[in-house]
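Descriptive structure summary
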Amino acid sequence: MENKCPNCGRKLSIFYIKQECDQCGCNLLYYDMENRMEEDAKKAKEEYDRLYAIVNFILGPLIRFQQRRNEKKSAKKQETTEEVSSEK
Ligand SMILES: [Zn+2]
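Residues numbered from 1 in each chain as written. Predicted model: local features only at pLDDT ≥ 70, side-chain atom pairs only at ≥ 80, totals over all residues.

This next bit is on the overall build of the protein chain. A tally of helices and strands in the protein chain yields one helix and zero strands. Considering only contacts within the protein chain whose residues lie at least 6 apart along the sequence, 10% involve residues at least 24 apart. (Helix = DSSP H or I, 4+ residues; strand = E, 2+ residues; numbered from the N terminus. Contact = placed C-beta atoms within 7 Å.)

The following block contains the structure:
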């Protein structure tokens, strides 16, 4: 990775430990921090979307199957409770 000031382009040693660039005084630590965080968030979202797509691909049918089974079960339960209440 090239180590230079992002503001003025001055080359900095890898061992340059000051927070500010000696030439322009810009804060190297926080320079462009927001953009970088946004970039990271975007990347994380992309990663999440990809992961979600994979998980959905694998688990989607399983979840739908489970849901259908639960719906059937609850439908049956409702039927029986209705029967019981109408018998009374
Ligand atoms: Zn600079």
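What follows covers the environment of Cys26. Inspection of the secondary structure puts Cys26 in the segment before helix H1 (33–87). Along the chain, Cys26 and Cys5 lie 21 residues apart, while their C-alpha atoms are 8.1 Å from each other.

What follows concerns the environment of Gln23. Take Gln23: it is sitting in the segment before H1. According to the C-beta neighbour criterion, Gln23 is partly exposed, with 13 such atoms within 10 Å. Sequence separation of Gln23 and Gly9 is 14 residues, and the distance between their C-alpha atoms is 9.5 Å. Setting aside anything within four residues of it in sequence, one finds Gln23 in contact with Cys5, Cys8 and Arg10. (Buried ≥ 20, exposed ≤ 12 C-beta atoms within 10 Å, placed from the backbone.)

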